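So the chains spell out like this:
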Amino acid sequence: MSALAAATGAINLGQGFPDTDGPDEVREAVVAALRDGAHNQYPPGPGLPDLRLAVAEHRQRFYGQTFDPDTEVLITTGATEAIAAAVLALVEPGDEVVALEPFYDSYAACIAMAGGVRVGVPLRPPFDGLDLDALRAAITPRTRLLMLNSPHNPTGTVLTREELAAIAELAVAHDLLVITDEVYEHLVFDGEHIPLATLPGMRERTVTISSAGKTFSFTGWKIGWVCATPELVAAVRTTKQFLTYVSGGPFQPAVAHALRLPDSYYAEFRADMHAKRDVLVGGLEAAGLTVYRPRGTYFITTDITPLGFADGLDFCRRLPELCGVVAVPEKVFFDDTPESQAIGRPLVRFAFCKKVEVLEEAASRLATLR
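Residues numbered from 1 in each chain as written. Predicted model: local features only at pLDDT ≥ 70, side-chain atom pairs only at ≥ 80, totals over all residues. Heavy atoms only, no water.

K.L.:
Would you mind showing me how to read the layout of surface pockets here?
P.N.:
Unoccupied space between atoms shows up once a probe the size of one water molecule is rolled over them. Roughly 580 Å³ of volume is contained in the largest pocket. Forming the walls of the largest pocket are 29 residues, and the residues nearest its centre are Q15, G16, Y104, Y184 and K214. Put simply, the parts of the chain that give the lining of the largest pocket at least two residues each are helix 4 (78-90), helix 5 (105-113) and helix 8 (213-216). Looking at the lining of the largest pocket, the element that brings in the most residues is helix 4, giving four residues. In terms of residue class, the lining of the largest pocket is built from 13 nonpolar, 11 polar and five charged. A domain split of the lining of the largest pocket shows at least three residues from each of domain 1 (2-22 + 264-367) and domain 2 (24-259). (1 Å grid on protein atoms, 1.4 Å probe; cavity = no way out; pocket = protein on both sides within 12 Å on 5 of 7 lines; lining within 4 Å. Points joined across faces, edges and corners; volume = space filled by probe spheres on them. Helix = DSSP H or I, 4+ residues; strand = E, 2+ residues; numbered from the N terminus. Nonpolar A, V, L, I, M, F, W, Y, C, P; charged D, E, K, R; others polar. Domains from an automatic or database assignment.)

Now the structure itself:
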């Protein structure tokens, strides 16, 4: 869809990347690291010590969690590599992995590469809660792992404390490992982000993953991390060293600096995205779409059927011609089963991590759809 946007000159509200850089002082920290020459070769395999310390400080500061930066933190090439390394390390051929559906596309690919069996638990419109009965039914004696993404891409669902507590009870009762993808942890607009690993019985069985890209608007730097027990980190590191080995030398000290920014940065960042969400929600509603207001992330899910369309893929292919905007069909984030495709077929995702003037112009164009 990004290629389609480039080819047609349409406004790209499809792929989730900002159209502005993050804080100047963080960018300048990379420049300084490049110039002093100390970080232009391979960084340590587990990641730069100061960055691992900054990650541990961040978890303590925001969530009261204590991680040993030397044994319980691993730096990765973005959250995507962290997910891949964790799945490849912890899933054996034939193991079942339960994931919330729709799911970020790398989940399916990584489970397949590990020889696992993906089991989806659908989140259904209006995306205001998790079907815990469906989750319980999805767990079998072959289930090895749960994969959670909250705040959830693409639906914007934020799991509540009650839902997380029920998930924790299931994980403990069935002795399951859990991978949590928390890259949108600082983009919660309604509710709060509660790391699953903070709940009873979950610290020792949870691999917590996050990254700098979404929080600091430097998605191209690809600096992510894993926080878990020494045994789980060692397992993930053993796999990770044969993927990228290491990466992002001069970016690592800059991300350490970013993680230590004052609370005001995080509050202003969230408030800015909250305002942008409301701009695009208004534009999509004015266009006649059914809009599911997200509680987190920087994506909005819509239903296109009020406009007379039935298939999101066809709609997204035509949208640049119809009004000069690009979005992403959500059916690609669902399994190929008839039930899953029926849920995903009319859904389309729009990203609002763009300049306000870009969102206002997109809203003006979308208004012509009605």
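Additional details are given in the paragraphs that follow.
K.L.:
Explain the domain arrangement of the protein to me, please; I cannot follow it from the model alone.
P.N.:
Interface size is often expressed as the accessible area that is lost when the parts come together. The assigned domain composition of the protein is domain 1 (2-22 + 264-367) and domain 2 (24-259). Once you take the C-alpha centre of each, domain 1 and domain 2 turn out to be 25 Å apart. Here domain 1 and domain 2 share an interface that buries about 3,200 Å² over both sides, 57% of which is from carbon and sulfur atoms. Counting across the interface, domain 1 meets domain 2 through four salt bridges. The shortest N-O distance in the salt bridge between E339 and R124 comes to 2.6 Å. For the pair domain 1 and domain 2, the number of links is 19 residue pairs in polar contact (both at pLDDT 80 or more). Elements supplying a minimum of two residues to the side of domain 1 that touches domain 2: helix 11 (263-286), strand 10 (299-303), helix 13 (338-344) and strand 13 (347-351). Looking at the side of domain 1 that touches domain 2, the element that brings in the most residues is helix 11, giving seven residues. The residue inventory of the side of domain 1 that touches domain 2, partitioned by class, reads 15 nonpolar, eight polar and eight charged. (Buried area = accessible area lost by both parts, 1.4 Å probe. Salt bridge = Lys/Arg side-chain N within 4 Å of Asp/Glu carboxyl O. Polar contact = N/O pair within 3.5 Å; in protein donor to acceptor, adjacent residues only side chain to side chain.)

K.L.:
Could you clarify how one ought to interpret the packing of aromatic side chains in this entry?
P.N.:
The description of two aromatic rings rests on the distance between their centres and on the angle between their planes. With the rule as written, the count across this model stands at 16 aromatic pairs. Between F216 and Y265 the ring centres are 5.7 Å apart and the planes differ by 20 degrees, which places this aromatic pair in the stacked class. Placement of F216 in helix 8 and of Y265 in helix 11 is noted, with a sequence separation of 49 residues between them. Here F216 matches Y265 in class, with each residue buried. When the centroid spacing of 4.9 Å and the interplanar angle of 75 degrees are considered together, the rings of F309 and F315 count as edge-to-face. Classification of F315 by relative accessible area gives buried; the value is 0%. Taken together, the ring pairs connect F62, Y63, F216, Y265, Y266 and F269 into an aromatic cluster. (Phe/Tyr/Trp six-rings, centres within 6.5 Å; stacked < 30°, edge-to-face > 60°. Buried < 20%, exposed > 50% of the residue type's maximum accessible area, 1.4 Å probe, protein only.)

K.L.:
Even after reading the chapter, I still don't get the side chain of T239, so can you show me in this structure?
P.N.:
Along the chain, the position of T239 falls in helix 9 (residues 230-240). Of the residues examined, T239 reaches a relative accessible area of 18% and is grouped as buried. In contact with T239, other than residues within four places in its own chain, are A85, L88 and A89. (Contact = heavy atoms within 4.5 Å.)

K.L.:
I keep staring at the UniProt feature "domain: Aminotransferase class I/classII large" (unreviewed entry) in the protein and nothing clicks. Help me out?
P.N.:
Feature annotation in UniProt places "domain: Aminotransferase class I/classII large" (unreviewed entry) on residues 10-364, given in this structure's numbering. As annotated, residues 10-364 has a helix share of 41% and a strand share of 16%, and its two end C-alpha atoms lie 13 Å apart. (UniProt positions renumbered as here; feature names shortened; annotations may be inferred.)

K.L.:
Can you walk me through the sheet that holds strand 3 (residues 96-101) in this structure?
P.N.:
Adjacent strands of a sheet pair through backbone hydrogen bonds, lying either parallel or antiparallel. On the basis of which strands lie adjacent, the open sheet formed by seven strands has the order 2-8-7-6-5-3-4 and mixed pairing. With partners counted over all chains shown, the strands left at the sheet margins are strand 2 (73-76) and strand 4 (117-122), one partner each. Direction aside, neighbouring strands of the sheet carry axes that sit 20 degrees apart on average. Bridging between strand 5 (residues 143-149) and strand 6 (residues 177-181) involves five bridges; their strand directions are parallel. Each bridged residue has a counterpart across the sheet, and for L146 the counterpart in strand 6 is V178. Where helix 9 meets the sheet, its contacts fall on strand 2, strand 6, strand 7 (206-211) and strand 8 (224-227), and the angle it forms with strand 2 comes to roughly 25 degrees. (Pairing = 2+ DSSP bridges. Axes fitted to C-alpha atoms, helices over the stretch in contact; angles between N-to-C directions.)

K.L.:
Would you mind going over empty space enclosed by the protein with me for this structure?
P.N.:
Taken as a whole, this structure holds two cavities of 30 Å³ or more when the rule is applied. Computed from the structure, the largest cavity encloses a volume of approximately 80 Å³. For the largest cavity, the lining is made up of 14 residues, of which S150, L164, E182, H193 and I194 are closest to its centre. At the level of elements, strand 5 and strand 6 are the ones that each hand at least two residues to the lining of the largest cavity. Of the residues in the lining of the largest cavity, the class split is seven nonpolar, four polar and three charged. Taken together, P44, G45, G47, I75, T76, T77, K240, V246, S247 and Q252 make up the lining of the second largest cavity. Of the residues contributing to the lining of the second largest cavity, the split by class is three nonpolar, six polar and one charged.

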